[in-house]
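# Structure assessment
Each chain, letter by letter, is given below.
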Amino acid sequence: QVQLAESGGGLVQAGGSLRLSCAASGRTFSRYVMGWFRQAPGKERDLVAAISGSSGSTYYADSVKGRFTISRDNAKNMVFLQMNSLKPEDTAVYYCAARYSDKLEYPYWGQGTQVTVSS
């Protein structure tokens, strides 16, 4: 089991940058695939980016490709989301999540952090 805590959200102008961090508990962090999701008001929660535990291979939603970068530090049990060239449509609550590499569902979630991009 793993516990997750996000930080780094806030208010930023369009074109600006933010870096989200997610701290994970537990001794087997490197075994988990880590994902960043976001949920805007009235919309479903969508996967934004994900990173595998060992190889570090990554996935990005089309809407953030070239602007967002996911990374992880297994020694510190941390995962990051660097968000550049932010747009008002990036405004959402961002969640960190973890899943086992052989499963598709994410059973572990953080509490979320608000990102607001003003135009």
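What counts and how
Residues numbered from 1 in each chain as written. Predicted model: local features only at pLDDT ≥ 70, side-chain atom pairs only at ≥ 80, totals over all residues. Heavy atoms only, no water. Buried < 20%, exposed > 50% of the residue type's maximum accessible area, 1.4 Å probe, protein only. Helix = DSSP H or I, 4+ residues; strand = E, 2+ residues; numbered from the N terminus. Pairing = 2+ DSSP bridges. 1 Å grid on protein atoms, 1.4 Å probe; cavity = no way out; pocket = protein on both sides within 12 Å on 5 of 7 lines; lining within 4 Å. Points joined across faces, edges and corners; volume = space filled by probe spheres on them. Nonpolar A, V, L, I, M, F, W, Y, C, P; charged D, E, K, R; others polar. Disulfide = S-S within 2.5 Å. Polar contact = N/O pair within 3.5 Å; in protein donor to acceptor, adjacent residues only side chain to side chain.

Bringing the pairing of strand β1 (residues 4-7) into the picture now. Burial along β1 is one-sided: Leu4 and Glu6 are buried, and none of Ala5 and Ser7, which face the opposite way, are. Across 4 bridges, the pairing between β1 and strand β3 (residues 18-24) is antiparallel. Note on β3: the bridge partner recorded for Glu6 is Cys22.

A few words on the layout of surface pockets. What the largest pocket holds in volume is close to 190 Å³. Looking at the largest pocket, it is lined by 14 residues, and the ones nearest its centre are Arg38, Ala40, Lys43, Asp46 and Glu89. Put simply, the parts of the chain that give the lining of the largest pocket at least two residues each are β4 (32-39) and β5 (46-51). Among the elements that take part in the lining of the largest pocket, β5 stands out by supplying 3 residues, more than any other. Across the lining of the largest pocket, the residue classes break down as 6 nonpolar, 3 polar and 5 charged.

Take the state of the cysteines next. The tally for this structure, following the rule as stated, stands at 1 disulfide. Covalent S-S linkage joins Cys22 and Cys96, the inter-sulfur distance amounting to 2.1 Å. Taking the torsion about the S-S bond as the criterion, the Cys22 to Cys96 disulfide, at about -80 degrees, is left-handed. With Cys22 in strand β3 and Cys96 in strand β9 (residues 92-100), this residue pair connects regions lying 74 residues apart in the sequence. For the pair Cys22 and Cys96, one class covers both residues: buried.

In this section: the environment of Tyr60. Structurally, Tyr60 can be placed in strand β6 (residues 58-60). Separated by 50 residues in the primary sequence, Tyr60 and Gly110 place their C-alpha atoms 19 Å from one another. Within polar-contact distance, the side chain of Tyr60 engages the backbone nitrogen of Ile70 at 2.9 Å.

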